[in-house]
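# Chains, contacts and geometry: an overview
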Amino acid sequence: TGGPVAALASREWWRDYRDPLLNELVGRGLAQALTVQSARAAIAGAEANLRATGVNEALSGSASASRDRSGGSQKATGYRSSSTLSADVVLDMFGGIRRDREAAQADLQAAHDDLQTARLAWLAELIAAYADARYYQQALTLAHRTMATRRQTLDITRTKFEAGAATELDVAQAQALLDTAAADVPNDLAQFNANVFAIATLLNEPAGPLLARMQQGGAPLRTPGTVPTGVPADLLRNRPDVRSAEASLHAATARVGVATADMLPSVTLGGSVANASGVKSWSFGPSVSLPLLNQGALAAARDAKIAAARQAEIAWRSAVTGAVGDVQLAQSNLTQFRARRVALDRAAASYGTALSLAQENYRNGATSLLDLLDTDRSKYSADVSAASAANTAAQEWATLQIATGAGAGSPD
């Protein structure tokens, strides 16, 4: 992550999963997700607030015109017209207007950074829901495969029972193990549906078409290669939430300057030109405003802005610390879950071999049903655990990417 922020933000790391449907969902969702749309609306509001500062804040004025027709019993009917043009400009002697514009600019920068933060948060939710949906599809496949194996065991047991080589208890135990695997199917299917519904919500789309497409099947997400994370100082530039907190601190500090300027005299240059029934007049000159009796209230307002700036500083420091912690935790989790996935894959393969041998031995009468059932349970548990570990490792890879600020997109 030592490269430019723009390069990191534009990196579409989710493509490393090599899942075409996931790529499609991300591309579509980032354009229409409600949280992202809300962040864009916040930018529009910040831009409007910025336009209200600077020269627009210093200048004020108005123009008015009227024309009246009047008369009376002792007065001839006639017309009376008047027009007035006035303008005022505040001299920014103590920097209050300048600091107010500085605060608005910082607010706008924070809004842009918040948009990138919203994108990353949305990506995290989508990747998690998609990965879990594919995992539960895999769990369904494992359950059906296990049910097929256990039906074979049940058939063998019934054959042995008919031949007098097994008991009714053996048949009941084999049937119970088959029913246990069957009971996992509704739960896995419910979890799959729930995650697809969550994806549809994130996309701001109806769930029906997406559910039909996901039901066609797909491979679970696998963990791509390693992620270079750089040094902790990089996070100050890469993480949009850290940059947003820094911009908010900048804005809060600038508003202390605004509150301080409010306690000092203000000078306004004003002028007007008037024309009333043909009589023209004009005026021009400075005016000074001295805040005297409300100094206590103004001082309290300034102290409140100082306290807010202090809170913003603490929030920024907390964001920096949290960002570093996020990366460290994600790195550790990714390393450990990768190792766990490898170990569980080996265990599942070993139990697969053991189950094949146990079935053959049971068919030949060389081992007991209890040993076979125990091996069967261990094999199914190892398969599910290996799939779960692979899913967790794939998600932790995404978590590490997001923790470094990758994929936030351009600030718009």
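These figures come from a predicted structure and were not determined experimentally.

## As for the side chain of Arg150
Residue placement: Arg150 occurs in helix H5 (residues 96-162). In terms of polar contacts, Arg150 uses its side chain to reach the backbone carbonyl oxygen of Leu177, at 2.7 Å. Within polar-contact distance, the side chain of Arg150 engages the side chain of Asp376 at 3.0 Å. Not counting residues up to four positions away in its chain, the partners in contact with Arg150 are Leu177, Leu178, Thr180, Ala181, Asp376, Arg377 and Tyr380.

## A word on the pairing of strand S3 (residues 266-276)
Of the pairings in the sheet, the one linking S3 to strand S4 (residues 279-289) comprises 11 bridges and is antiparallel in character. Note on S4: the bridge partner recorded for Ala276 is Val279. The turn joining S3 and S4, which pair antiparallel and follow one another in sequence, is formed by 2 residues; a positive phi near 55° is taken by Ser277.

## A short note on the nonpolar core
Among the nonpolar cores identified, the biggest contains 65 residues, and Trp13 and Tyr17 are the most heavily contacted of them. Listed by contribution, the elements that provide at least two residues to this core are helix H1 (5-9), helix H2 (20-32), helix H3 (34-51), H5, helix H6 (168-203), helix H7 (207-214), helix H10 (295-363) and helix H11 (369-403). With 21 residues, the single largest contributor to this core is H5. Apart from the residues within four sequence positions on either side, Tyr17 is in contact with Leu22, Ile127, Leu221, Arg222, Pro224, Ala394, Trp397 and Ala398. Ile156, Tyr362, Leu369 and Leu372 belong to the second largest nonpolar core, which has 8 residues in total.

## Examining the layout of surface pockets
Put simply, the largest pocket is a space of about 260 Å³. In terms of lining, the largest pocket is formed by 19 residues, of which the most central are Val90, Gly96, Ala261, Asp262 and Ser266. Elements with a minimum of two residues in the lining of the largest pocket: strand S2 (75-91), H5, helix H9 (240-262) and S3. Grouping the constituent residues of the lining of the largest pocket by class yields 11 nonpolar, 4 polar and 4 charged. In this model, the second largest pocket occupies a volume close to 160 Å³. For the second largest pocket, the lining is made up of 15 residues, of which Glu12, Trp14, Leu30, Gly407 and Gly409 are closest to its centre. Counting residues per element, the lining of the second largest pocket draws most heavily on H2, at 4 residues.

## Some remarks on the packing of aromatic side chains
Applying the stated rule across the entire model yields 4 aromatic pairs. Ring centres 5.6 Å apart and planes at 75° place the aromatic pair Trp13 and Trp14 in the edge-to-face group. Neither Trp13 nor Trp14 differs from the other in exposure class; each is buried. Here Tyr135 and Tyr136 contribute two aromatic rings whose centre-to-centre distance is 4.9 Å and whose plane-to-plane angle is 65°, an arrangement assigned as edge-to-face. The class for Tyr136 is buried, based on a relative accessible area of 19%. Here the aromatic cluster, defined as three or more aromatic residues joined through ring pairs, consists of Trp13, Trp14, Tyr17 and Trp397. Its guanidinium or amino end placed over the ring of Tyr362, Lys160 lies 5.0 Å from that ring's centre, counting from NZ or CZ.

Conventions adopted
Residues numbered from 1 in each chain as written. Predicted model: local features only at pLDDT ≥ 70, side-chain atom pairs only at ≥ 80, totals over all residues. Heavy atoms only, no water. Helix = DSSP H or I, 4+ residues; strand = E, 2+ residues; numbered from the N terminus. Polar contact = N/O pair within 3.5 Å; in protein donor to acceptor, adjacent residues only side chain to side chain. Contact = heavy atoms within 4.5 Å. Pairing = 2+ DSSP bridges. Core = buried A, V, L, I, M, F, W, Y, C linked by side-chain atoms within 4.5 Å. Buried < 20%, exposed > 50% of the residue type's maximum accessible area, 1.4 Å probe, protein only. 1 Å grid on protein atoms, 1.4 Å probe; cavity = no way out; pocket = protein on both sides within 12 Å on 5 of 7 lines; lining within 4 Å. Points joined across faces, edges and corners; volume = space filled by probe spheres on them. Nonpolar A, V, L, I, M, F, W, Y, C, P; charged D, E, K, R; others polar. Phe/Tyr/Trp six-rings, centres within 6.5 Å; stacked < 30°, edge-to-face > 60°. Lys NZ or Arg CZ within 6 Å of the ring centre and 35° of its normal.

Structural measurements only, silent on function.
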